[in-house]
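# Structural features, examined
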There are 2 protein chains.
Amino acid sequence: MHIEQAAEAELREQLATLHDQYDQLAARGLSLDLTRGKPGAAQLALSDALDGILAGNYRAADGTDTRNYGGLDGLPEARALFGGILGTAPEETLVGGSSSLTLMYQVMEFALREGLRGAETAWSNAEEVRFLCPVPGYDRHFSICEYLGIEMVPVRLLETGPDMDQIESLVAADPDIKGIWCVPRFSNPTGCVYSSNTVERMARLPKLASGQFIVMWDNAYAVHQLYADAAPLDCLSDYARQFDTMDGIFQFGSTSKVTFAGAGVAFVGSSERNLSTLKAHLAFQTIGPDKVNQLRHVRFLQDGATVAAHMERHAALLHPRFEAVLDTLERELGATGMGSWTQPRGGYFVSFDALPGLASEIVELAARVGVKLTPAGATFPYGKDPEDRNIRLAPSFPALEDVQACAEVFALCVKIASIKQRLSA
Amino acid sequence: MHIEQAAEAELREQLATLHDQYDQLAARGLSLDLTRGKPGAAQLALSDALDGILAGNYRAADGTDTRNYGGLDGLPEARALFGGILGTAPEETLVGGSSSLTLMYQVMEFALREGLRGAETAWSNAEEVRFLCPVPGYDRHFSICEYLGIEMVPVRLLETGPDMDQIESLVAADPDIKGIWCVPRFSNPTGCVYSSNTVERMARLPKLASGQFIVMWDNAYAVHQLYADAAPLDCLSDYARQFDTMDGIFQFGSTSKVTFAGAGVAFVGSSERNLSTLKAHLAFQTIGPDKVNQLRHVRFLQDGATVAAHMERHAALLHPRFEAVLDTLERELGATGMGSWTQPRGGYFVSFDALPGLASEIVELAARVGVKLTPAGATFPYGKDPEDRNIRLAPSFPALEDVQACAEVFALCVKIASIKQRLSA
């Protein structure tokens, strides 16, 4: 049944059946949560060997005693390993504490308040500061902007990444736009991978060399493919070196979804000049990061091949959860005209677009029968989805049977909301 | 020989001998460092059991999976253990990452820019913001003020702690003074322990209840006594509860000098109201601290008695290093009138006061023969010791024979500088 082709009577009948199913669900007293991109317990257990891996040897390769103070840059071997993931040289890579969000916040705050090229370049010298936000996107990027008083300018996210035509004309027209947030591989929430053309054009945006426009490249899912056929991501640094724009890009990553979430290692890659500026600021608030945890991670993850093999084990655990969602959506909503959704080949999310105006209602319907979804609007700046249609589904954490139950509840709620809307049109 | 009683000829003869000794030292090509309060390798090894202590059990007492996201407050058992050190209840204690300096920076920045009681209470609303700094003190406290543009007002540090008479009149007279830095037990660098009277008066300062004056109580050496007869510190929270001023105090600590320096666990204690404000800000820059490391620390340090026994093992390793310094100073400089120094019963430093005007010269003389000392002035705001006399000695890190060598070089440099000054007077 396609919603636009069905007769009113058919829709009414269908709605009555759906309401019955909904009432039965309500009686079951579910308490399920499909909101956050958290690894499941079995995924976390893949890294249990981290604790104890040092076997009493706390010395880094260069003899550094990781148990003592010092080293704002992070351990050399950690800079090499994680720089390898970002595509930056060890000396272009700073390895910090456990949170890449913290590193992103610090870069944004320093650029705003202190200036990446001295006080006269602080963005806060201008009356207005704006930042480009591909939508749908990651709520915690938006929160940083909101907290720092940076106005957000949404740009369209396409299958190939953010709409570069739109970005190029916005940047050319508005000197107060100081940068852009990107999740270039398996974008949160759509799962898209930026195309070569997008990456290349991002690296040659006009003001990158001046430090008056920066690309915040949150490569959170750099190695998080679910399937071997997932698209690779071109290396931003390669282009940036070609165009001499390394001073305008900041790349981020962490092992939160490789080893332990919130207890891994975070890193930032940029030009040596930018890292030197960043360190000058960081030195006022820390003596250095937890190098013991860095050493554990290097001993455990070793090199790119070991990381890739480890990520395959993650993928094997995630497959059934993603398939439960995608199969259910296809079975229940395929060819109904009630929504469209992404088919991610990596990352942590499925992005669902309902019919315009229905996302909030669907989330509320699900909540009333005990299924918690990411709040409607969360994937947009200021929490406001202008079309009220995008919902982020995060199937990684719950048990498989719970993911299955959530997906079914979700599809039911989509159908109820869609048919009700159609009938009242 | 007392410098003020010696005849000129005697001094000249003495100086010639000292110069000979100095030249011989120079020829030895020493490369020693007595600058930072870093634990020595044997101290760090006391905590080697940390790695592997979880033995595969990553669950906190309440069932929390420490390997996953969440929990800005820190683990309940970590809040209980470290709150016990600060004298705050678990709900008045937030356990963060590995750096207490970071927590201090965050509190200062939030109070300055965002306001502890809403935007209208942000210190930055005023033209001038000042902070009291007992001197000599800790350079990284001063750096935070300098970085944030907060003017520092030095106050005298006595044997009993900061001069409370001076503080009370400064606070009464100047509304732009927004707080004070304190290292209340084994103060950096003098080693003094604040008296009961000081602690009580600190907790009843007039504006504490309003949030317009805060006490930054950096209890970095709370459990770091070197000798069993070391003075205890009264509990600031006990007084603050009595005077209803918990909203005005922030207490800090870390395990950097209990377990691993820079790879331990840091904590802050304050009123529940303050912690709730702090968390609202922190949520923009992190999803939560490394709970795995917190769990390791709780399993390893267990309770107050275990911590105390562990700290006795640290003290046993530190005793000979402190005694090498103190015995050498006494033997070489005792009753010479060339300086005075503290006799710390805990902490990491010996504070030396040379004759006025000589600290920079002594540090330079030592540097020229390969002994690095903390820069003269580092213990004062803006790096400027108005009398140029204080030098901080940090004997914990070097091997015992190196500490001994440093102390002898130091005493020699003090003598040369002092006699030269006397002869040119």
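Basis of the calculations
- Counting starts from 1 at the beginning of each chain's written sequence and moves along it residue by residue.
- Chain A is the first chain written and ligand 1 is the first ligand written, with later ones labelled in order.
- At least 70 in pLDDT is required for a residue's local features to be given in this predicted model, at least 80 for side-chain atom pairs to be given and counted, and no such filter applies to totals for whole chains, interfaces and linings, which use all residues.
- Helix and strand definitions here come from DSSP, where helices need a minimum of 4 consecutive H or I residues and strands a minimum of 2 consecutive E residues; each element is numbered from the N-terminal end.
- Values of the radius of gyration come from C-alpha atoms, whereas the globule rule sets the reference at 2.2 Å times the count of residues to the power 0.38.
- Three exposure classes are used, all based on how many other C-beta atoms lie within 10 Å of a residue's own C-beta (placed from the backbone): buried at 20 or more, exposed at 12 or fewer, and partly exposed between those limits.
- C-alpha atoms of residues with pLDDT of at least 70 in both copies form the basis for the least-squares superposition of the copies.
- Our contact criterion uses C-beta atoms placed from the backbone: two residues qualify when those atoms are within 7 Å.
- Should DSSP find at least two bridges between two strands, the strands are taken to pair.
- Note on handedness: a crossover is taken as right-handed if, strands pointing away from the viewer, the path from the first strand over the helix to the second is clockwise.
- Residues are sorted three ways: Asp, Glu, Lys and Arg are charged, Ala, Val, Leu, Ile, Met, Phe, Trp, Tyr, Cys and Pro are nonpolar, and all the rest, Gly among them, are polar.
- Working note: the arc is built from the helix axis to C-beta atom directions.
- For helices, the fitted line uses only the C-alpha atoms of the stretch in contact; every axis is such a line through C-alpha atoms, and the angle between N-to-C directions lies from 0 to 180 degrees.
- Per-residue confidence from the prediction method is given by pLDDT, with values spanning 0 to 100.
- Here the angle decides the label: under 35 degrees means roughly parallel, over 145 means roughly antiparallel, 65 to 115 means roughly perpendicular, and every other value means oblique.
- By convention, the crossing between two helices is left-handed when the near helix turns anticlockwise from the far helix through less than a right angle, and right-handed when the turn is clockwise.
- Domain ranges listed in this record stem from an automatic or a database domain assignment.
- The bend at a residue is defined as the angle formed between two axes, one fitted to the seven residues ending at that residue and one fitted to the seven starting there.

### A closer look at the overall build of chain A
Each helix and strand in chain A was counted, giving 13 helices and 13 strands. Relative to a compact globule of 425 residues, whose C-alpha radius of gyration would be 22 Å, chain A shows 23 Å and is just as compact. Its C-alpha atoms give chain A principal-axis dimensions of roughly 75 × 55 × 35 Å. Counting over 425 residues, chain A shows a buried share of 54%.

### What to know about the relation of the copies chain B and chain A
Each copy of the sequence occupies a distinct position, and chain B is placed on chain A by a rotation of 180° and an axial shift of 0.0 Å, giving an RMSD of 0.0 Å. Between the two chains, the operation in question is that of a two-fold axis. Scanning chain B for the C-alpha nearest the rotation axis identifies Gly52 of chain B, at a separation of 1.7 Å. Both copies contact each other with a shared surface, as 100% of the interface residues of chain B are interface residues in chain A too.

### Digging into the pairing of strand E6 (residues 177–182) of chain A
All names here are of chain A. Within E6, six of the six residues are buried, which leaves it mostly tucked inside the rest of the structure. One ladder, built from two bridges, connects strand E3 (residues 130–135) with E6; its direction is parallel. Within the sheet, the bridge partner assigned to Arg130 lies in E6 and is Ile177. Of the strand pairs in this sheet, E6 and strand E7 (residues 214–218) are connected by four bridges, and their pairing is parallel. If you follow Gly179 over to E7, its bridge partner there is Ile214. Each parallel crossover has a hand, and the one from E6 via helix H7 (residues 196–203) to E7 is right-handed.

### Digging into the interface of chain B and chain A
Listed per partner, the contact involves 37 residues of chain B and 37 residues of chain A. For the side of chain B that touches chain A, the secondary structure elements donating two or more residues are helix H2 (41–45), helix H4 (100–114), helix H5 (139–147) and helix H10 (291–301) of chain B. For the side of chain B that touches chain A, the class distribution of residues is 15 nonpolar, 14 polar and eight charged.

### Some thoughts on the environment of Arg321 of chain B
Residues and elements named next belong to chain B. With respect to the secondary-structure elements, Arg321 resides in helix H11 (residues 304–333). Arg321 sits in the buried class, given 23 other C-beta atoms within 10 Å. Along the chain, Arg321 and Pro175 lie 146 residues apart, while their C-alpha atoms are 44 Å from each other. With residues near it in sequence (within four places) discarded, Arg321 still touches Pro395, Ser396, Leu400 and Val403.

### What to know about helix H12 (residues 359–368) of chain B
Residues and elements named next belong to chain B. For H12, every residue scored as buried is listed here: Ala359, Ile362, Val363, Leu365 and Ala366. For H12, the buried positions fall inside an angular range of 160° around the axis, keeping them on one side. Positive phi shows up at Gly370, right after H12, with a value of about 85°.

### Looking at the sheet that holds strand E11 (residues 350–354) of chain B
All names here are of chain B. The sheet built from three strands is open, its strands ordered E10-E11-E13 with antiparallel pairing. The sheet is open, and its two borders are formed by strand E10 (339–341) and strand E13 (390–393), each paired with just one other strand. Across this sheet, the average inter-strand angle for adjacent strands is 20°, counted without regard to direction. When E10 meets E11, the two strands line up antiparallel, connected through three bridges. Following the sheet pairing, Trp341 is matched in E11 by Phe352. Its contacts with the sheet put H12 on E11 and E13, and the angle it makes with E13 is roughly 40°.

### Here's the deal with the confidence of the model for chain A
Looking at chain A as a whole, the pLDDT averages 97, with 100% of positions reaching at least 70. Interface confidence for the predicted complex, given as ipTM, is 0.96, next to a pTM of 0.97.

### Remarks on the packing of H11 of chain B against helix H13 (residues 400–424) of chain B
Residues and elements named next belong to chain B. Relative orientation of the contacting elements H11 and H13 amounts to 25°, with a least axis distance of 9 Å. As far as their axial angle goes, H13 and H11 are roughly parallel. With respect to the hand of their crossing, H11 and H13 are arranged in right-handed fashion. For the pair H11 and H13, contact is made by Pro320, Arg321, Ala324, Val325, Thr328, Leu329, Glu332 and Leu333 and by Leu400, Val403, Gln404, Ala407, Glu408, Ala411 and Val414, respectively.

### What to know about the sheet that holds strand E3 (residues 130–135) of chain B
Pairing is mixed in the open sheet, where eight strands are placed in the order E2-E9-E8-E7-E6-E3-E4-E5 (chain B). Strand pairing shows two members of the sheet lacking a second neighbour, strand E2 (93–95) and strand E5 (161–162) of chain B, which therefore form its edges.

### Focus: the domain arrangement of chain A
Residue and element names in this part refer to chain A. Annotation of chain A at the domain level lists domain 1 (8–43 + 308–423) and domain 2 (60–303). Averaged C-alpha coordinates put domain 1 and domain 2 at centres separated by 30 Å. At the interface, 24 residues of domain 1 touch 28 residues of domain 2. If you tally residues by element for the side of domain 1 that touches domain 2, the top one is helix H11 (residues 304–333), at seven residues. Considering only residue class, the side of domain 1 that touches domain 2 consists of 13 nonpolar, eight polar and three charged.

### Considering unusual backbone geometry
Omega for the peptide link from Val135 of chain A to Pro136 of chain A comes to -5°, which places this bond in the cis form. With respect to the helices and strands, Pro136 of chain A occurs in the loop between E3 and helix H5 (139–147). Look at the link from Asn188 of chain A to Pro189 of chain A: it is a cis peptide, with omega at 10°. The backbone of Asp244 of chain A sits at a positive phi, close to 60°, despite the residue not being glycine. Mapped onto the elements of the fold, Asp244 of chain A is located in the loop between helix H8 (236–243) and strand E8 (249–254). A positive phi angle is found at Tyr382 of chain B, which is not glycine, with a value near 60°. Secondary-structure assignment places Tyr382 of chain B in the loop between strand E12 (371–372) and E13.

### A look at the environment of Val153 of chain B
Residue and element names in this part refer to chain B. Along the chain, Val153 turns up in strand E4 (residues 151–158). Separated by 55 residues in sequence, Val153 and Ser98 place their C-alpha atoms 29 Å apart. Dropping the residues within four chain positions of it, Val153 is found in contact with Arg130, Phe131, Leu132, Cys133, Leu170 and Ile177.

### Remarks on the environment of Lys178 of chain B
All names here are of chain B. When you line up the elements, Lys178 lands in strand E6 (residues 177–182). Accessibility expressed as a C-beta count within 10 Å gives 24 for Lys178, which makes it buried. Here the alpha-carbon distance between Lys178 and Gly334, two residues 156 residues apart in the chain, equals 41 Å. The residues touching Lys178, leaving out its near neighbours within four places in the chain, are Trp123, Val129, Arg130, Phe131, Gln212, Phe213 and Ile214.

### Here we look at H11 of chain B
Residues and elements named next belong to chain B. At Leu318, H11 is bent by approximately 35°, the largest bend along its length, and proline Pro320 sits one to four residues beyond. What H11 keeps buried is the set Val307, His314, Leu318, Arg321, Phe322, Ala324, Val325, Thr328, Leu329 and Leu333. As for H11, its buried residues are in contact with H2, H10, E10, E11, E13 and H13. Remark: Ala335 follows H11 within two positions and exhibits a positive phi of approximately 60°.

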